[in-house]
Amino acid sequence: METIAAEEINDITLEDIAILEERTWIDETYSVGATGYGQEVVVIESANGTEIFAVDTEENARKWMLQQLAGSMRVTEEPTADITFSWPAHYSDVDFAATRTDSRTGAYYSVVRIGDRIEIEEHDNAEDALVAATQGAIELAHKLNESGDKVKQIGAPHILARAYEARAKMWRMVSGARIRTAKQEGIIGRAGQITATDLAANIGGSRGLVNKILAGEDWT
């Protein structure tokens, strides 16, 4: 990850800064701005107070702000549904891809940090966030595999397996929901467009599996 110099300054206040971009994560706010005399700054507001950092250019200010935001999202305690892909997983400063849910607003995010690339995107739903995060995880796994580092190469197939398993679980849930909706709408049934027996044959299972899905149970 690119190292960018940022120096904390204490001789200006928020009133001296024109905010150009702002990101919020739970109870933290990360902003890029500039003072009236042309100093580029990053402002971090949290429960610990307000910190203002001077950075040499607007581009570097945005990069450094994203680095700090991604670092905070990386170590934030995860809700049950969130998932993180990284290797070695117990290191906080390694590349990673993850989904994150803002416990305050309920917003869904994907976070990808691979080398100098940092992408933090808000999504309309958890499924879209997972698709973006798993795509980042797949790219991370390929980077680990190509690194030549034996320890990193151990993690590559592990991350790929977790990413594809997470996607498969998500699509099974989506499929199950659509099957139940189709049953309610009369699409599935003897008088519908497809019978439960034909559906079972098409999804590679049995009538028992179809009945399980229709009952709202997990499709495993």
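Our subject is the structure that appears above.
The rules we used
Just so you know, the residues in each chain are numbered from 1, in the order the chain's sequence is written. Selection of residues for local features in this predicted model requires a pLDDT of at least 70, selection of side-chain atom pairs for listing and counting requires 80 or more, and totals for whole chains, interfaces and linings are taken over all residues. Only heavy atoms go into the side-chain values, all of them from the structure, while hydrogens and water stay out. Counting from the N terminus, the helices are the DSSP runs of H or I reaching at least four residues and the strands are the DSSP runs of E reaching at least two. This radius of gyration counts C-alpha atoms alone. The globule rule is 2.2 Å times how many residues there are, raised to the power 0.38. Accessibility here uses a 1.4 Å probe with only protein chains present; expressed as a share of the type maximum, an area under 20% marks a residue as buried, one over 50% as exposed, and anything in between as partly exposed. Calculation of accessible area relied on Shrake-Rupley with a 1.4 Å probe; when residues are assessed, cover is drawn exclusively from the protein chains displayed. In summary, the charge assignment counts Lys and Arg as positive and Asp and Glu as negative, without counting His or the chain termini. We put the charge of a Lys on NZ, of an Arg on CZ, of an Asp on CG and of a Glu on CD. Candidates for patches are residues over 30% relative accessible area with no salt bridge; among them, like charges are joined within 9 Å and nonpolar side chains (Val, Leu, Ile, Met, Phe, Trp, Tyr) within 5 Å. Salt bridges are defined by distance alone: a side-chain nitrogen of Lys or Arg within 4 Å of a carboxyl oxygen of Asp or Glu. Grid points spaced at 1 Å over the protein atoms alone were grouped into cavities, where a 1.4 Å probe fits but cannot get out, and pockets, open sets with protein on both sides within 12 Å along at least five of seven lines, with lining residues defined by an atom within 4 Å of a point. Grid points are joined across faces, edges and corners, and a volume is the space filled by probe spheres set on the points. Any residue that is not Ala, Val, Leu, Ile, Met, Phe, Trp, Tyr, Cys, Pro, Asp, Glu, Lys or Arg is counted as polar, Gly included; the first ten are nonpolar and the last four charged. Two strands pair if DSSP finds at least two bridges between them. In a helix, the anticipated span is given by 1.5 Å times the number of residues less one. Counting of polar contacts relies on pairs of N or O atoms within 3.5 Å, with two restrictions inside protein: one atom must be capable of donating a hydrogen and the other of accepting it, and residues adjacent in sequence are counted only when both atoms are side-chain atoms. Residues count as neighbours in contact if any of their non-hydrogen atoms are within 4.5 Å of one another.

Engineer: Would you mind going over the overall build of the chain in detail, with residue names and values included?
Structural biologist: Scanning the chain from terminus to terminus reveals five helices and nine strands. Taken from the N to the C terminus, the helices and strands of the chain come in the order β-β-β-β-β-α-β-β-β-β-α-α-α-α. For 220 residues, the compact-globule estimate of 2.2 N^0.38 gives 17 Å, and the C-alpha radius of gyration of the chain, at 23 Å, exceeds that figure by more than 25%. Its C-alpha atoms give the chain principal-axis dimensions of roughly 75 × 45 × 25 Å. Scored against the burial criterion, the 220 residues of the chain give a buried share of 41%. Per element, the accessible surface of the chain, about 12,400 Å² overall, is 48% carbon and sulfur. Seen as two clouds, the 21 positive and the 37 negative side-chain charges of the chain have centres 15 Å apart.

Engineer: Account for a negative patch on the surface, with residues named and values stated.
Structural biologist: Taken together, the side chains of Glu122, Asp124, Glu127 and Asp128 define an acidic patch exposed on the protein surface. In this structure, Glu127 sits in helix α2 (residues 126-145).

Engineer: Describe the layout of surface pockets, with residues and values.
Structural biologist: Taken as a whole, the largest pocket encloses approximately 430 Å³ of empty space. Lining the largest pocket are 17 residues, with Ala81, Ala126, Leu130, Met170 and Met173 sitting closest to its centre. For the lining of the largest pocket, the secondary structure elements donating two or more residues are β7 (96-101), β8 (108-114), α2 and α3 (150-184). It is α3 that contributes the most residues to the lining of the largest pocket, five residues altogether. Looking at the lining of the largest pocket residue by residue, the class counts come to eleven nonpolar, two polar and four charged. In this structure, the second largest pocket spans a volume of roughly 210 Å³. Surrounding the second largest pocket, twelve residues form its lining, Lys169, Met173, Glu217, Asp218 and Trp219 being those nearest its centre. The element that contributes the greatest number of residues to the lining of the second largest pocket is α3, accounting for six residues. Here the lining of the second largest pocket is built from residues that sort into four nonpolar, three polar and five charged.

Engineer: Requested: an account of the sheet that holds strand β4 (residues 40-46), with residues and values cited.
Structural biologist: Here five strands make up an open sheet; going across it, the order is β1-β5-β4-β3-β2 and the pairing antiparallel. Two strands lie at the open edges of the sheet, namely β1 (7-8) and β2 (17-25), each paired on one side alone. Summarising the sheet, β1 and strand β5 (residues 49-55) pair through two bridges and their orientation is antiparallel. Looking at the pairing, Glu7 lines up with Ala54 of β5.

Engineer: Summarise helix α1 (residues 58-75); cite the residues concerned and give the values.
Structural biologist: The terminal C-alpha atoms of α1 lie 26 Å apart, and with 18 residues this matches the ideal 26 Å at 1.5 Å per residue to within 8%. Residues of α1 that are buried include every one of Asn60, Ala61, Trp64, Met65, Leu66, Gln67, Leu69, Ala70, Ser72, Met73 and Arg74, and no others.

Engineer: An account of the side chain of Glu28 is needed here, citing residue identities and associated values.
Structural biologist: Along the chain, the position of Glu28 falls in strand β3 (residues 28-35). For the buried Glu28, which has no salt bridge, the nearest side chain bearing the opposite charge is Arg104, at an N-O separation of 10 Å. Separated by 2.7 Å, the side chains of Glu28 and Tyr30 make a polar contact. Looking at Glu28, its side chain comes within polar contact range of the side chain of Ser72, at 2.7 Å. Contacts of Glu28, omitting those with residues within four sequence positions, involve Arg23, Glu45, Ser46 and Ser72.

Engineer: I'd love a proper account of the environment of Glu51, names of residues and values included.
Structural biologist: Relative to the helices and strands, Glu51 is located in strand β5. Separated by 42 residues in the primary sequence, Glu51 and Ile9 have C-alpha atoms spaced 7.9 Å apart.

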